[in-house]
Amino acid sequence: MMKSDRESKFNEVAIALDYSFDGEIKIGGNYTSVVQHGNAVYVSGQIPRVGDTVVITGRVGDDVALAEARLAAKICAMRALALLNQSLGSLDRVEKILRITVYVQSAQNFTQQSEVADGASEVLFAVLGAAGVHTRTSVGVFQLPKNAAVEVDLIAATH
């Protein structure tokens, strides 16, 4: 079976990031990663975990540089896309990414949360094109699960 354009783009981004998003996307609690209600699909918060390892941990602006935090946001977005693909059977069913929220474990004086969030936005656009353009909120937080530097959740519309 021929890969869709979106699947090919997803694989290109994964190769560029040098991480694999194949297989099970593990969750860390008593919840589900994806809920579909009508045409809306909600993807729970994704941290930069690859396999069993959270690959970028710490406080952005102290332990984690901006470039690393942007990479973390990209990994989070790729996990969310992998979950959408698994849940929907194809990324071609994504009509539009409606909204993302990006949480950044921030040092006291760190104010570049939106620049961190750009990493996730870039991935969504690279894979989905115009359908990946979305509304966004980025916030600095004191702590995230597993000491993750970044967490991203999203809402998508399907057809």
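Residues numbered from 1 in each chain as written. Predicted model: local features only at pLDDT ≥ 70, side-chain atom pairs only at ≥ 80, totals over all residues. Heavy atoms only, no water.

Caption draft 1: Seen up close, the nonpolar core. Grouped together as the largest cluster of nonpolar side chains are 47 residues, with contacts concentrated most on Met78, Leu81, Leu84, Ile97, Val150 and Leu154. Among the elements of the structure, helix H1 (5-17), strand S2 (40-46), helix H2 (66-88), strand S5 (94-105), helix H3 (113-128) and strand S7 (150-158) are those that each provide at least two residues to this core. Here this core gets 13 residues from one element, more than from any other, and that element is H2. With sequence-adjacent residues up to four places away left out, leucine 84 is seen in contact with Val41, Val43, Gly89, Leu91, Val94, Ile97, Leu154 and Ala156. (Core = buried A, V, L, I, M, F, W, Y, C linked by side-chain atoms within 4.5 Å. Buried < 20%, exposed > 50% of the residue type's maximum accessible area, 1.4 Å probe, protein only. Helix = DSSP H or I, 4+ residues; strand = E, 2+ residues; numbered from the N terminus. Contact = heavy atoms within 4.5 Å.)

Caption draft 2: Just the side chain of histidine 134, in detail. On the secondary structure map, histidine 134 appears in the loop between H3 and strand S6 (135-141). Looking at histidine 134, the relative accessible area reads 19%, which means it is buried. At 2.9 Å, the side chain of histidine 134 forms a polar contact with the side chain of serine 121. There is a polar contact of 2.6 Å between the side chain of histidine 134 and the backbone oxygen of glycine 132. Non-local contacts of histidine 134, meaning those with residues more than four positions away in its chain, are made with Ile97, Leu98, Arg99, Ile100, Ser121 and Leu124. (Polar contact = N/O pair within 3.5 Å; in protein donor to acceptor, adjacent residues only side chain to side chain.)

Caption draft 3: Broad picture of the pattern of salt bridges. Inspection of every chain in the model, using the stated rule, returns 4 salt bridges. Here glutamate 122 makes a salt bridge to arginine 70, at a shortest N to O gap of 2.8 Å. With glutamate 122 in helix H3 and arginine 70 in helix H2, the pair connects residues that are 52 residues apart, well separated along the chain. Taking the relative accessible area as the measure of exposure, glutamate 122 reaches 38% and is therefore partly exposed. Between arginine 136 and aspartate 118 there is a salt bridge, with the nearest N and O atoms lying 3.0 Å from each other. Separated by 18 residues along the polypeptide, arginine 136 in strand S6 and aspartate 118 in helix H3 bring together distant segments of the chain. (Salt bridge = Lys/Arg side-chain N within 4 Å of Asp/Glu carboxyl O.)

Caption draft 4: The arrangement of H1 in detail. Between its first and last C-alpha atoms H1 spans 18 Å; for 13 residues at 1.5 Å apiece the expected length is 18 Å, and the two agree. Buried within H1 we find Arg6, Phe10, Val13, Ala14 and Leu17. Each buried residue of H1 lies within a common arc of 100 degrees when the element is viewed along its axis, so the set occupies one face. Exposed residues pointing more than 90 degrees away from the buried face of H1 are listed as Asp5, Glu12, Ile15 and Ala16. Aspartate 18 occupies a position one or two residues after H1 and carries a positive phi of about 65 degrees. (Expected span 1.5 Å × (residues − 1). Arc of directions from axis to C-beta.)

Caption draft 5: Seen up close, the packing of H2 against H3. Packing of H2 against H3 leaves a shortest axis separation of 7 Å and a crossing angle of 40 degrees. By the angle between their axes, H2 is oblique relative to H3. H3 is crossed by H2, and the crossing has right-handed handedness. Facing Leu66, Ala69, Arg70, Ala73, Lys74, Ala77, Met78 and Leu81 of H2, the residues of H3 in contact are Glu115, Val116, Asp118, Gly119, Ala120, Glu122, Val123, Leu124, Val127 and Leu128. When the residues that make up the contact of H2 with H3 are grouped by side-chain class, the tally is 12 nonpolar, 1 polar and 5 charged. (Axes fitted to C-alpha atoms, helices over the stretch in contact; angles between N-to-C directions. Parallel < 35°, antiparallel > 145°, perpendicular 65-115°, else oblique. Left-handed = near helix turned anticlockwise from the far one by under 90°. Nonpolar A, V, L, I, M, F, W, Y, C, P; charged D, E, K, R; others polar.)

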